[in-house]
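Inside the fold
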Amino acid sequence: MPITINGSGTVTGITAGGLPDAIITQPELAAGVAGTGPAFSASRSATQSVTSNTITKVQLVDEQFDTNNAFDNATNYRFTTTVAGYYQFSYAVKGVATGGTLQAVNSQLYKNGSEVIGGFVTGSFLYQTVVSEANSTGSILVYLNGSTDYVELYGKVIGTSPSFGSAFLTGFLARAA
Amino acid sequence: MMTLFDKVMALYPELQQQDFMTVITLQNDSDGNGDYIAKWEHPTLARPTEEQLNGR
């Protein structure tokens, strides 16, 4: 029976116990209402050796949480969501080089194998002083189609015997499609 | 053992650090396939061939 309200304000169609549970999808949420969209936090704390001057995918092997089991921390180290929408990502890469030879470290989010923003390198900087490690951080809002789109974290270190000392990538659905 | 970066620099010693931030991208997808040239858009230097790189 549908729920109706007549001209006198009488409501019919509601059974004892109140309104039945409703399934509200992300697109049906009113403006200003936060849903329970996907959210994850992935990281690595073990050293990952890399080649100097070579943009390298960070192997995020650890997970703090992954509400929709959408992050692959074993094979491809990528986030592939089944919920279309706009996702807010935050990330950081610690670049390490031996003997104070660190020249630069950067971090970039890749979508479907390409830079999210082409030609723009986030968090890259050059040191004039003797440094062995430094962090590169970034954040970005990205649209994902909920089927084929995926994101991965890449970083680059310039220096002698470079490595990623640690890194993290977190993300959550900020707005449904 | 020379890295891909080492080989490229040996082939083109005139390359600058800035080139690797703009027109050249060396990449590794952490998939076991190693480093490769993902982008080569240098205005004057031709993309190295495998033969040239393997000869280093």
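**Details of the overall build of chain B**
Within chain B one finds 3 helices and 2 strands. Start at the N end of chain B and walk to the C end: the helices and strands fall as α-α-β-β-α. Expected size for 56 residues packed as a compact globule is a radius of gyration near 10 Å; at 11 Å, chain B falls within 12% of this value. Over its C-alpha atoms, taken along the principal directions, chain B stretches across nearly 30 × 25 × 15 Å. The buried share of chain B, reckoned over its 56 residues, is 39%. Within chain B, counting contacts between residues at least 6 apart in sequence, those at least 24 apart form 35% of the total. Averaged over its 4 positive side-chain charges, chain B has a centre that lies 3 Å from the centre of its 9 negative ones.

**Side note on the confidence of the model for chain B**
For chain B, mean pLDDT is 92; residues scoring 70 or higher make up 98% of the total. Across the assembled chains, the prediction reports ipTM 0.90 with pTM 0.84.

**Overview of the interface of chain A and chain B**
With 15 residues of chain A at the contact, the number on the chain B side is 12 residues. Carbon and sulfur atoms make up 47% of the surface buried where chain A meets chain B, a total of about 1,200 Å² over both sides. The largest contributions to the chain A side of the interface with chain B come from A:Thr51, A:Asn53 and A:Thr54, which together make up 35% of the buried area. Inspection of the region where chain A meets chain B yields 0 salt bridges. Taken together, the links from chain A to chain B amount to 9 residue pairs in polar contact (both at pLDDT 80 or more). Mapped by element, the contributors of at least two residues to the side of chain A that touches chain B are β5 (54-57) and β14 (151-158) of chain A.

**What about the pattern of salt bridges?**
All names here are of chain A. With the rule as written, the count across this model stands at 4 salt bridges over all chains. Here Arg-78 and Glu-152 are joined by a salt bridge, their closest N and O atoms 3.1 Å apart. Here Glu-152 lies in strand β14 and Arg-78 lies in strand β8 (residues 78-79), a separation of 74 residues in the sequence. Between Lys-94 and Glu-133 there is a salt bridge whose closest N-O contact spans 3.4 Å. Of the two residues, Lys-94 is situated in strand β9 (residues 85-96) and Glu-133 in strand β13 (residues 133-144); the sequence distance between them amounts to 39 residues. One network of salt bridges, in which partners are shared, links Lys-57, Arg-78 and Glu-152.

**Observations concerning the packing of aromatic side chains**
Residue and element names in this part refer to chain A. Counted by the stated rule, this structure contains 10 aromatic pairs over all chains. Residues Phe-79 and Tyr-87 carry aromatic rings whose centres are separated by 5.5 Å and whose planes lie at 65° to one another, so their mutual orientation is edge-to-face. Comparing Phe-79 with Tyr-87 shows no difference in burial state: the two are buried. Consider the rings of Phe-79 and Phe-89, whose centres lie 5.9 Å apart with planes at 75°: the pair is edge-to-face. In this pair, Phe-79 sits in strand β8 while Phe-89 sits in strand β9, placing the two residues 10 residues apart along the sequence.

What counts as what
Residues numbered from 1 in each chain as written. Chains lettered and ligands numbered in written order. Predicted model: local features only at pLDDT ≥ 70, side-chain atom pairs only at ≥ 80, totals over all residues. Heavy atoms only, no water. Helix = DSSP H or I, 4+ residues; strand = E, 2+ residues; numbered from the N terminus. Rg over C-alpha atoms; globule rule 2.2 N^0.38 Å. Buried < 20%, exposed > 50% of the residue type's maximum accessible area, 1.4 Å probe, protein only. Contact = heavy atoms within 4.5 Å. Lys, Arg positive; Asp, Glu negative; His and termini not counted. Charge placed at Lys NZ, Arg CZ, Asp CG, Glu CD. pLDDT = per-residue confidence, 0-100. Buried area = accessible area lost by both parts, 1.4 Å probe. Salt bridge = Lys/Arg side-chain N within 4 Å of Asp/Glu carboxyl O. Polar contact = N/O pair within 3.5 Å; in protein donor to acceptor, adjacent residues only side chain to side chain. Phe/Tyr/Trp six-rings, centres within 6.5 Å; stacked < 30°, edge-to-face > 60°.

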